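Given next are the chains, with one letter for each unit.
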Amino acid sequence: MSFHVVTGAGSTGTATALRLAESGERVRLVTRRGSGPEHPGIERIAADATDADALAALTEGATVLINCAAPAYHRWPQEFPPLAAALLTTAERTGVGYVMLGNLYGYGPVDGRLHEELPLAPAGRKGTVRAGLWEDALAAHRAGRVRATEVRASDLLGPGAGSLFQLTVAPAVVAGDPVSYPADPAAPHSWSYTGDVAATLIAAARSEAAWGRAWHVPSTSEAPAGVLAGELARVAGAPAPKLTALSPEELAKLGEEDEILAEVVEMGYLYYRPQLLDSARTERELGVSATPLDEVLARTVRSLRG
């Protein structure tokens, strides 16, 4: 039985810790408040992950450090770099493998499918932050100071997921309420199930071929937001969704009074045009495949009604 440290107990951190514990691994789950799922194989620890000394002490003897923690969305430029620096320092001091959960922001706008060999070309503040985190880890890896890899997910689906669709559209659809969404409802889009994110993080942690490379989570669906809302309503037994598209101008107006929505404005290229992920390498080399969409939506509905 090996020992893993997971930071962050949001939807992906929780899914990762549970999957590891259920496979017989010992897990130390580190969050600011000591939160997380109850399981005999999970030790929940309250600690500040930006404190490299404290985190290194908690990580000593572990095989892998998996980071699923992230600051509040509107605080990324200020708070993500010190968090990432502490995680990287911990990996260097303890010699653990370091697996980062990332997203697609660092690529910037891309025509065609996103694949892992694309150069990072961020188009905004948050993309610049995300790209910088991986570039720092990759430089440390290439210098021989750490073993690092990054798993990149698209918008999340599943119980507790923190994506814009999950937080705004899904509850309204299940309840039969109208909702506006800042996207082209007809644009194809890749969706990542939180359980598949966990599976990819763990597969990367266990593969010697993973270090020094980025990996894409296999998508549970590539349905446009409008179609996905319809599928969610079908699984929930709810009325046909009343989904209207929010224009970029309308979103910007709302962002004047909401600090979270204000941060969504610069990410419009993810939602008002096709955004499709190529995960062939992950499926081929790490052996991870996507969970069927109906299963994901059924779990999402149960969690929303739970």
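Residues numbered from 1 in each chain as written. Predicted model: local features only at pLDDT ≥ 70, side-chain atom pairs only at ≥ 80, totals over all residues. Heavy atoms only, no water.

Engineer: Would you explain the overall build of the protein in this entry?
Structural biologist: Within the protein, the regular secondary structure consists of 11 helices and 11 strands. Here the C-alpha radius of gyration of the protein, 19 Å, is about what a compact globule of 306 residues would show, namely 19 Å. Considering only C-alpha atoms, the protein reaches an extent of 50 × 40 × 40 Å along its principal axes. Scored against the burial criterion, the 306 residues of the protein give a buried share of 55%. When contacts within the protein are restricted to residue pairs at least 6 apart in sequence, long-range pairs at least 24 apart make up 73% of them. (Helix = DSSP H or I, 4+ residues; strand = E, 2+ residues; numbered from the N terminus. Rg over C-alpha atoms; globule rule 2.2 N^0.38 Å. Buried < 20%, exposed > 50% of the residue type's maximum accessible area, 1.4 Å probe, protein only. Contact = heavy atoms within 4.5 Å.)

Engineer: I would appreciate a short explanation of the pairing of strand β2 (residues 26-31) in the present structure.
Structural biologist: The two faces of the sheet receive side chains in turn, since in a regular strand these alternate between them. In terms of residue burial, β2 counts as a mostly covered element, since 5 of its 6 residues are buried. One ladder, built from 5 bridges, connects strand β1 (residues 3-7) with β2; its direction is parallel. Bridging across to β2, His 4 finds its partner in Val 27. Traced from β1 through helix α1 (residues 11-22) to β2, the parallel crossover comes out right-handed. (Pairing = 2+ DSSP bridges. Right-handed = clockwise from strand over helix to strand, strands pointing away.)

Engineer: Can you walk me through the pairing of strand β4 (residues 64-67) in this structure?
Structural biologist: Along β4, one buried face is formed by Val 64 and Ile 66 and the opposite face, lined by Leu 65 and Asn 67, is buried too. Handedness of the crossover joining β4 and strand β5 (residues 97-102) through helix α3 (residues 76-94): right-handed.

Engineer: Quick question: what am I supposed to make of the sheet that holds strand β6 (residues 147-152) here?
Structural biologist: What links the strands of a sheet is backbone hydrogen bonding, and the strands pair in either a parallel or an antiparallel sense. Spatially, the 7 strands line up as an open sheet ordered β3-β2-β1-β4-β5-β6-β10, and their pairing is parallel. Of all the strands in the sheet, just β3 (42-46) and β10 (214-216) have a single pairing partner and so form its edges. Neighbouring strand axes in the sheet, compared pairwise and without regard to direction, differ in orientation by 20° on average. Against the sheet, α1 engages β1, β2, β3, β4 and β5, with an angle of about 160° to β2. Where helix α6 (residues 194-206) meets the sheet, its contacts fall on β4, β5, β6 and β10, and the angle it forms with β5 comes to roughly 155°. (Axes fitted to C-alpha atoms, helices over the stretch in contact; angles between N-to-C directions.)

Engineer: Please explain the packing of aromatic side chains as it appears in this structure.
Structural biologist: Within a pair of aromatic rings, the relevant descriptors are the distance that separates the centres and the angle that separates the planes. Tallied over the entire structure, the rule returns 6 aromatic pairs. Their ring planes at 35° and their centres at 5.7 Å tell us that Trp 76 and Tyr 105 sit as a pair that is tilted. With Trp 76 in helix α3 and Tyr 105 in the loop between β5 and α4 (125-142), the pair connects residues that are 29 residues apart, well separated along the chain. Comparing Trp 76 with Tyr 105 shows no difference in burial state: the two are buried. (Phe/Tyr/Trp six-rings, centres within 6.5 Å; stacked < 30°, edge-to-face > 60°.)

Engineer: Honestly, the nonpolar core in this entry has me stumped. Any pointers?
Structural biologist: If you look at soluble globular proteins, the nonpolar side chains tend to sit buried side by side. Counting residues in hydrophobic clusters, the biggest one holds 62 residues, and the most contacted among them are Tyr 98, Phe 165, Tyr 181 and Leu 228. Ignoring sequence-local partners within four residues, the contact set of Tyr 181 consists of Leu 164, Phe 165, Thr 168, Val 169, Trp 191, Ala 225, Leu 243, Thr 244, Ala 245, Leu 246 and Tyr 271. Residues Ala 21, Val 99, Trp 215 and Val 288 belong to the second largest nonpolar core, which totals 29 residues. (Core = buried A, V, L, I, M, F, W, Y, C linked by side-chain atoms within 4.5 Å.)

Engineer: Explain the environment of Ala 153 to me, please; I cannot follow it from the model alone.
Structural biologist: Topologically, Ala 153 is positioned in the loop between β6 and β7 (155-157). Looking at Ala 153, the relative accessible area reads 5%, which means it is buried. Spatially, the C-alpha atom of Ala 153 lies 9.0 Å from that of Thr 194, the residues being 41 residues apart in sequence. Ignoring anything within four residues of it in the chain, the contact list for Ala 153 reads Leu 101, Gly 102, Asn 103, Leu 104, Ser 192, Val 197 and Val 217.

Engineer: Any chance you could explain α1 here in plain terms?
Structural biologist: Because the α-helix completes a turn every 3.6 residues, residues three or four places apart line up on one side. An ideal rise of 1.5 Å per residue puts 16 Å on 12 residues; α1 measures up with 16 Å between its terminal C-alpha atoms. Within the sequence span of α1, burial applies to Ser 11, Thr 12, Gly 13, Ala 15, Thr 16, Ala 17, Leu 20 and Ala 21. With its phi angle positive at about 100°, Gly 24 sits one or two positions after the end of α1. (Expected span 1.5 Å × (residues − 1).)

Engineer: Honestly, α6 in this entry has me stumped. Any pointers?
Structural biologist: Under the 1.5 Å per step criterion, the end-to-end length of α6 is 19 Å for 13 residues, consistent within 8% with the ideal 18 Å. For α6, a buried count of 12 out of 13 residues is recorded, marking the element as mostly surrounded by other parts of the structure.

So, to be careful, I would describe these as geometric facts and stop short of saying anything about function.
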